[in-house]
Amino acid sequence: MVVQEFTVDLNKPLVFQVGHLEERYQEWVHQPIVSKEGPRFFGNDILEFLTRTKWWAVPTIWLPVVCCLFVKSIMMGHTTQEVALMALFGIFIWTLIEYTLHRFLFHIDTKTYWSNTAHYLLHGCHHKHPMDSLRLVFPPAATAILCVPFWNLVAFFATPSTTPALFGGGLLGYVMYDCTHYYVHHGQPSKDPAKRLKRYHLNHHFRIQDKGFGITSSLWDVVFGTLPPSTTGKKN
């Protein structure tokens, strides 16, 4: 008797299906379906609602928080110039975090049911349906949860008065990242550097998915040698 391989039904909620693909999951998830309408994740309407986020929710919610953090450091004795420098440093560190998460966590190789399921929720869904506009940015509730350990990490290395500005810079970097990510998928830039950045990122989705992990820039791809061949080689 031949056992038939599991097949994902795209007309049914996907999250609890993809794990059954096991070793075949990575191949399946990196074969993109180009459609502006994303799939249903959960049968439960509340869970389904929590997976969908409008892009403008990110700056609307987090930019006021960023401003409050900068003001807090100023009220604790730092000058505007000092806060600006700390903010720039926080943005710089975020670009490294962005690259590291994308390369080593979002593109981790999974094979088991629950690891496949977690990967699909975290990033696999974006590679399977890269034009799903409601699942391009990180849900604010999940961001708020992740802010706690990141705040504690910054506070461990920084002083009480510099922690708000440094964390605010990192948070601003995250906002820039999510908005840039949405734009390179759904914007129509006509000039560089935006046009080049869009081409660079879509190359990661549709051509070489194990290279080009930078979103807001290719800086760390240059540093760590993960530039796609189309960038490093000669043009035909």
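Keep in mind that this is a model prediction, so the values were computed, not measured. Numbering of residues begins from 1 in every chain and follows the order in which that chain's sequence is written. It should be noted that, the model being predicted, local features are given only for residues of pLDDT at least 70 and side-chain atom pairs only at 80 or more, the latter also being counted only at that level, while totals for whole chains, interfaces and linings use all residues. No hydrogens and no water enter the side-chain calculation; it runs on all heavy atoms of the structure.

Colleague: In this structure, what is going on with helix H5 (residues 80-105)? I would like to understand it.
Modeller: One turn of the α-helix equals 3.6 residues, which is why residues spaced by three or four share an orientation. With 26 residues, H5 extends 36 Å between its outermost C-alpha atoms, agreeing within 8% with the 38 Å of an ideal straight helix rising 1.5 Å per residue. What H5 keeps buried is the set Val83, Met86, Ala87, Gly90, Ile91, Trp94, Thr95, Glu98, Tyr99 and His102. Numbered from the N terminus, helices here are DSSP runs of H or I no shorter than four residues, and strands are runs of E no shorter than two. By this rule the span expected of a helix is its residue count minus one, scaled by 1.5 Å. We call a residue buried when its accessible area falls under 20% of the maximum for its residue type, exposed when it is over 50%, and partly exposed in between, using a 1.4 Å probe and counting protein chains only.

Colleague: Just checking my understanding: could you explain the packing of H5 against helix H8 (residues 163-186) for this structure?
Modeller: Two numbers describe a pair of packed helices, the interaxial angle and the distance between the axes. Where H5 meets H8, the axes come as close as 7 Å, and the angle between the chain directions of the two elements is 50 degrees. As summarised for this structure, H5 and H8 are arranged oblique, according to the angle between their axes. Between H5 and H8 lies a crossing whose hand is right-handed. Counted together, Val83, Met86, Ala87, Phe89, Gly90, Ile91, Trp94 and Glu98 of H5 and Ala165, Leu166, Gly169, Gly170, Leu172, Gly173, Tyr174, Met176 and Tyr177 of H8 form the full contact between these two elements. Grouping the amino acids of the contact of H5 with H8 by side-chain chemistry returns 12 nonpolar, 4 polar and 1 charged. Fitted lines through C-alpha atoms give the axes, limited to the stretch in contact for helices. The angle between two N-to-C directions lies from 0 to 180 degrees. Small angles under 35 degrees read as roughly parallel and large ones over 145 as roughly antiparallel, with 65 to 115 read as roughly perpendicular and the rest as oblique. If you view the pair so one helix is near and one far, a crossing is left-handed when the near helix is turned anticlockwise from the far one by less than a right angle, and right-handed when it is turned clockwise. A contact between two residues is defined here by any heavy atoms of the two lying within 4.5 Å. Residues are grouped as follows: Ala, Val, Leu, Ile, Met, Phe, Trp, Tyr, Cys and Pro are nonpolar; Asp, Glu, Lys and Arg are charged; all remaining types, including Gly, are polar.

Colleague: Which parts of the structure should I look at to understand the UniProt feature "domain: Fatty acid hydroxylase" (unreviewed entry) in the protein?
Modeller: UniProt positions are given in the numbering used here, feature names are shortened, and annotations may be inferred rather than shown by experiment. UniProt records the feature "domain: Fatty acid hydroxylase" (unreviewed entry) for residues 88-226 in the present numbering. In this annotation, residues 88-226 is assigned 68% helix and 0% strand; the end-to-end C-alpha distance for the span is 25 Å.

Colleague: Can you walk me through the nonpolar core in this structure?
Modeller: Side chains of nonpolar character tend, in soluble globular proteins, to be buried together. In this structure, Val58, Trp62, Phe70, Leu171, Tyr174 and Tyr177 are the most contacted members of the largest nonpolar core, which totals 21 residues. Among the elements that make up this core, the one with the highest residue count is H8 (7 residues). Setting aside its immediate chain neighbours within four residues, Phe70 contacts Val83, Ala87, Ala165, Gly168 and Gly169. Leu21, Tyr25, Phe42 and Tyr120 belong to the second largest nonpolar core, which has 12 residues in total. For this analysis, a nonpolar core means a set of buried residues of the types Ala, Val, Leu, Ile, Met, Phe, Trp, Tyr and Cys, connected via side-chain atoms within 4.5 Å.

Colleague: How do you make sense of the environment of Ser35 when you look at a structure like this?
Modeller: You can see Ser35 is positioned in the loop between helix H2 (25-29) and helix H3 (45-50). Separated by 96 residues in sequence, Ser35 and Met131 place their C-alpha atoms 5.9 Å apart. With sequence-adjacent residues up to four places away left out, Ser35 is seen in contact with Met131 and Asp132. Polar side-chain contacts of Ser35 include one of 3.3 Å to the backbone nitrogen of Glu37. Counted as a polar contact is a pair of N or O atoms within 3.5 Å, where, for protein atoms, one must be capable of donating a hydrogen and the other of accepting one, and residues adjacent in sequence contribute only when both atoms are in side chains.

Colleague: Before we go on, may I ask you to explain the UniProt feature "transmembrane region" (unreviewed entry) in the protein in this structure?
Modeller: Taking the numbering used here, the UniProt-annotated feature "transmembrane region" (unreviewed entry) corresponds to residues 55-77, 83-101, 136-159 and 165-184. Measuring from the first to the last C-alpha atom of residues 83-101 gives 26 Å, for a span that is 100% helix and 0% strand. Here residues 165-184 is 100% helix and 0% strand, with 28 Å between the C-alpha atoms at its ends.

Colleague: So what exactly am I meant to see when it comes to the layout of surface pockets here?
Modeller: Over the atoms rolls a probe the size of a water molecule, and in doing so it shows where empty space is left. With a 1 Å grid spanning the protein atoms alone, the term cavity applies to any set of points in which a 1.4 Å probe fits but cannot get out, the term pocket to an open set with protein on both sides within 12 Å along at least five of seven lines, and the term lining residue to any residue with an atom within 4 Å of a point. Grid points are joined across faces, edges and corners, and a volume is the space filled by probe spheres set on the points. Each pocket or cavity is described by its volume, and for the largest pocket that value is around 1,200 Å³. Taken together, 43 residues make up the lining of the largest pocket; nearest its centre are Trp94, Leu101, Phe138, Leu146 and Tyr174. Mapped onto the lining of the largest pocket, the elements with two or more residues apiece are H3, H5, helix H6 (113-128), helix H7 (140-157) and H8. No other element matches the 10 residues that H7 contributes to the lining of the largest pocket. Among the residues forming the lining of the largest pocket, the class breakdown is 33 nonpolar, 7 polar and 3 charged.

Colleague: How should I be thinking about unusual backbone geometry in this particular structure?
Modeller: Of all residues except glycine, most have a negative phi; of all peptide bonds, most are trans. Here the residue pair Asp192 and Pro193 is connected by a cis peptide bond, since its omega of 5 degrees sits within 30 degrees of zero. Considering the arrangement of structural elements, one finds Pro193 in the loop between H8 and helix H9 (194-206). Within the chain, Glu22 stands out as a residue other than glycine whose phi angle is a positive 50 degrees. As for its placement among the helices and strands, Glu22 is situated in the loop between helix H1 (15-18) and H2.

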